[in-house]
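# Architecture at a glance
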Amino acid sequence: MFRVNQRSGKGIYINFSGVSFWIAALAVIVLLSSIGLGWILKSIFFLLLFLLLAPIVALVIFQWWLKRNVIEDRCPACNTSFIVVNNTQGHCPSCGEKVTVTNQRFVRYQPPGTIDVDVVDVSATDVSASPNELGSQ
């Protein structure tokens, strides 16, 4: 890093711009070697092992959660298959029906206070007929 002035031939200039990094690195190495490198190497190894295994463990846990909490079923109104997260409400992408998940199945959402009734088909009878004719049918 010595340089001679080319114009006058006089003077020697010393450039220490790259040397400060190497002096600092050497000082860190000397400091670490004086107190022991074992714990540093073990810590670095543990950190690298953690950085390699943490995403794998997180992926396995996330897949397990998805299997337990994502429900795929058919819309009770239009029979279109879609996915909803368990214990939430969703809308059918085809007909817009609001559904909830109950016992791993989709059911229509019913606001509180709604009374669910079943339709019963009653055949029509002739009112003009006499009571005796109604009994004989």
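Residues numbered from 1 in each chain as written. Predicted model: local features only at pLDDT ≥ 70, side-chain atom pairs only at ≥ 80, totals over all residues. Heavy atoms only, no water.

## Let's talk about the pattern of salt bridges
In the structure shown here, the tally under the stated rule is two salt bridges. Residue D73 pairs with R105 through a salt bridge whose shortest N-O separation is 3.2 Å. Placement of D73 in strand β3 (residues 70-74) and of R105 in strand β7 (residues 105-108) is noted, with a sequence separation of 32 residues between them. Taking relative accessible area as the criterion, D73 reaches 8% and is therefore assigned buried. For R108, the salt bridge is made with E97, and the minimal N-O distance between the two is 3.7 Å. One end of the pair, R108, is in strand β7; the other, E97, is in the loop between β5 (89-91) and β6 (98-102), and 11 residues separate them in sequence. According to the relative accessible area criterion, E97 is partly exposed, its value standing at 24%. (Salt bridge = Lys/Arg side-chain N within 4 Å of Asp/Glu carboxyl O. Helix = DSSP H or I, 4+ residues; strand = E, 2+ residues; numbered from the N terminus. Buried < 20%, exposed > 50% of the residue type's maximum accessible area, 1.4 Å probe, protein only.)

## Quick word on the sheet that holds β7
Sheet strands line up and pair through hydrogen bonds in the backbone, either parallel or antiparallel. Overall, antiparallel pairing links the three strands, which are arranged β5-β6-β7 in an open sheet. Every interior strand has two partners, whereas the edge strands, β5 and β7, have only one. Each strand of the sheet is rotated relative to its neighbour by a mean of 40°, with strand direction disregarded. (Pairing = 2+ DSSP bridges. Axes fitted to C-alpha atoms, helices over the stretch in contact; angles between N-to-C directions.)

## Comments concerning the confidence of the model for the chain
The predicted model of the chain averages 79 in pLDDT, with 79% of residues at 70 or higher. When pLDDT is averaged over each helix and strand of the chain, the minimum, 53, is found for strand β1 (residues 2-4) and the maximum, 90, for helix α2 (residues 38-69). (pLDDT = per-residue confidence, 0-100.)

## Things to note about the pairing of β7
The sheet contact formed by β6 and β7 spans four bridges and is antiparallel. Its bridge partner lying in β7, T100 is registered against V107. Connecting the antiparallel pair β6 and β7 is a turn made up of two residues, with N103 showing a positive phi of about 55°.

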